[in-house]
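Each chain, letter by letter, is given below.
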Amino acid sequence: MTDLTLIDSHAHLDFKSFQPDLGDILERARAAGVEQIVTIGASDGFESNPRALALAEAHPHIFAALGIHPHDASVASEEVIAAVRALALDHPKVVAIGETGLDYHYNNSTPEAQRAAFRRFIQVALELDKPLVVHTREAERDTIDILTSEGGRGCGGIIHCFSGTAWMAEQALALGFYISFSGIVTFKTAVEIHEVARSTPLDRLLVETDAPFLAPIPHRGKRNEPAYVAHTLRFIAALRGMDPADLSRITTANTRRLLKLPTP
Ligand SMILES: [Zn+2]
Ligand SMILES: [Zn+2]
């Protein structure tokens, strides 16, 4: 048995590669100390949202965040945004809006479409009074500018899979956001991310897998799964000279507080 108490604050459980053995994956997660999982309904356009919601409805310990990924921002018409909003409205298992944000690395959707969708989802989060799950890559200045101008401080949320600069972390923390670290933090070359993981205030620190992507060491390059969030937690605990069990209780309490998750 493990000494850890964990929440995977960001996984894409509706992903195709999980379908053959999802039961085993959930069992391994429990054995690793993962008590709750937030599955993200933005894996693949709109259709991922009802799939994420179905998983959350089927499993008491799974919760959903609903949105449209910045990669798919070109499909985020008013109708689609209204449909996401309708699924999230008053649903007890929908704990956040997202992931949304800006990704200028791939530009699968134009930057203009990404910015427009991001603004709209901030408005939805404010209106539904739910925190925001923000994806940002090579778009730090615009991400902070839009969060600031749209009143993102009012809903708060998570900078997920943090892979940015110390500047980005500082700005996000000043807006009241939490910083969530994925397996990327375990990569040796991620020196600036190590620095941020050391200096982020303990009461704003979360952990996630972003499974099936970005598996932490020692599983790098393989399919990621929620159980592996334990490696990320242990890595950050070592960086900070902390007992992993203590740190896991803190990150779990942070996630529950922000997302208003029940204590199982
Ligand atoms: Zn993301
Ligand atoms: Zn994601």
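Here is what the cut-offs are and how they apply
- Residues numbered from 1 in each chain as written.
- Chains lettered and ligands numbered in written order.
- Predicted model: local features only at pLDDT ≥ 70, side-chain atom pairs only at ≥ 80, totals over all residues.
- Core = buried A, V, L, I, M, F, W, Y, C linked by C-beta atoms within 7 Å.
- Buried ≥ 20, exposed ≤ 12 C-beta atoms within 10 Å, placed from the backbone.
- Contact = placed C-beta atoms within 7 Å.
- Axes fitted to C-alpha atoms, helices over the stretch in contact; angles between N-to-C directions.
- Helix = DSSP H or I, 4+ residues; strand = E, 2+ residues; numbered from the N terminus.
- Parallel < 35°, antiparallel > 145°, perpendicular 65-115°, else oblique.
- Left-handed = near helix turned anticlockwise from the far one by under 90°.
- Nonpolar A, V, L, I, M, F, W, Y, C, P; charged D, E, K, R; others polar.
- Pairing = 2+ DSSP bridges.
- Right-handed = clockwise from strand over helix to strand, strands pointing away.

(A) Up close: the nonpolar core. Core analysis: the largest hydrophobic core is formed by 82 residues, its most contacted members being Ala65, Ile97, Leu132, Ile179 and Leu233. With residues near it in sequence (within four places) discarded, Ile179 still touches Ile159, Phe162, Ala169, Ala172, Val196, Thr200, Arg204, Leu205 and Leu206.

(B) Molecular detail of the packing of helix α8 (residues 229-240) against helix α9 (residues 244-259). Interaxial distance between α8 and α9 falls to 9 Å at its minimum, and their mutual angle equals 115°. Judged by the inter-axis angle, α8 sits roughly perpendicular to α9. Considering the relative orientation of α8 and α9, their crossing is right-handed. Each of Leu233, Arg234, Ile236 and Ala237 in α8 lies in contact with α9, whose residues at this interface are Pro244, Leu247, Ser248 and Thr251. Taken together, the residues of the contact of α8 with α9 sort by class into 5 nonpolar, 2 polar and 1 charged.

(C) Main features of the pairing of strand β5 (residues 132-137). Counting buried residues in β5 gives 5 out of 6 residues, a clear majority hidden from the surface. Bridge count between strand β4 (residues 94-103) and β5: 6 bridges; the pairing is parallel. Residue pairing for β5: Gly101 is matched across the bridge by His135. One crossover worth recording links β4 to the parallel β5 by way of helix α4 (residues 111-128), and it is right-handed. Where β5 meets strand β6 (residues 157-159), 3 bridges bridge the pair, whose relative direction is parallel. Looking at the pairing, Val134 lines up with Ile159 of β6. In this region the chain leaves β5, passes through helix α5 (residues 140-149) and returns to the parallel neighbour β6; the handedness of that crossover is right-handed.

(D) Main features of the pairing of strand β3 (residues 62-66). Burial of β3 is extensive: 5 of the 5 residues sit out of reach of the surface. With burial as the criterion, each face of β3 is covered, one bearing Ile62, Ala64 and Leu66 and the other bearing Phe63 and Ala65. By the bridge criterion, 5 bridges tie strand β2 (residues 34-41) to β3 in an arrangement that is parallel. Pairing of Val38 across the sheet is with Phe63, part of β3. Examined bridge by bridge, β3 and β4 share 3 bridges and lie parallel to one another. Following the sheet pairing, Ala64 is matched in β4 by Val94.

(E) Inspection of the packing of α4 against α5 at higher detail. It is the contact of α4 with α5, at a shortest axis distance of 10 Å, that shows an interaxial angle of 35°. Where α4 crosses over α5, the handedness of that crossing is right-handed. Listed contacts from α5 to Arg115, Phe118, Arg119 and Ile122 of α4 are Asp142, Ile146 and Leu147. Grouping the constituent residues of the contact of α4 with α5 by class yields 4 nonpolar, no polar and 3 charged.

(F) Seen up close, the environment of Ala54. Mapped onto the secondary structure, Ala54 falls in helix α2 (residues 48-58). When the C-alpha positions of Ala54 and Ser77 are compared, they lie 23 Å apart, and in sequence the two are 23 residues distant.

(G) View of the sheet that holds β3. Strand order across the open sheet formed by 8 strands is β1-β2-β3-β4-β5-β6-β7-β8, with parallel pairing between neighbours. The open sheet is flanked by β1 (6-11) and β8 (205-207), the only strands paired with a single partner. Shown here is a sheet whose adjacent strand axes are inclined to one another by a mean of 30°, direction ignored. Relative to β8, strand β7 (residues 178-181) runs parallel, the two being bridged by 3 bridges. The residue of β8 that forms the bridge with Ser180 is Leu206. In this fold α4 packs onto β4, β5 and β6, with an angle of close to 160° to the strand it touches most, β4.

(H) Here's a closer look at unusual backbone geometry. Here Gly98 and Glu99 are connected by a cis peptide whose omega angle stands at 10°. Within the fold, Glu99 resides in strand β4. Note the cis peptide between Ile217 and Pro218, where omega equals 15°. Inspection of the secondary structure puts Pro218 in the loop between β8 and α8. Here the phi dihedral of Leu214 falls at roughly 55°; this positive angle occurs in a residue that is not glycine. A positive phi angle, close to 55°, is found at Lys260, a residue other than glycine. Position of Lys260 relative to the elements: it lies in the segment after α9.

These figures come from the coordinates and say nothing about function on their own.
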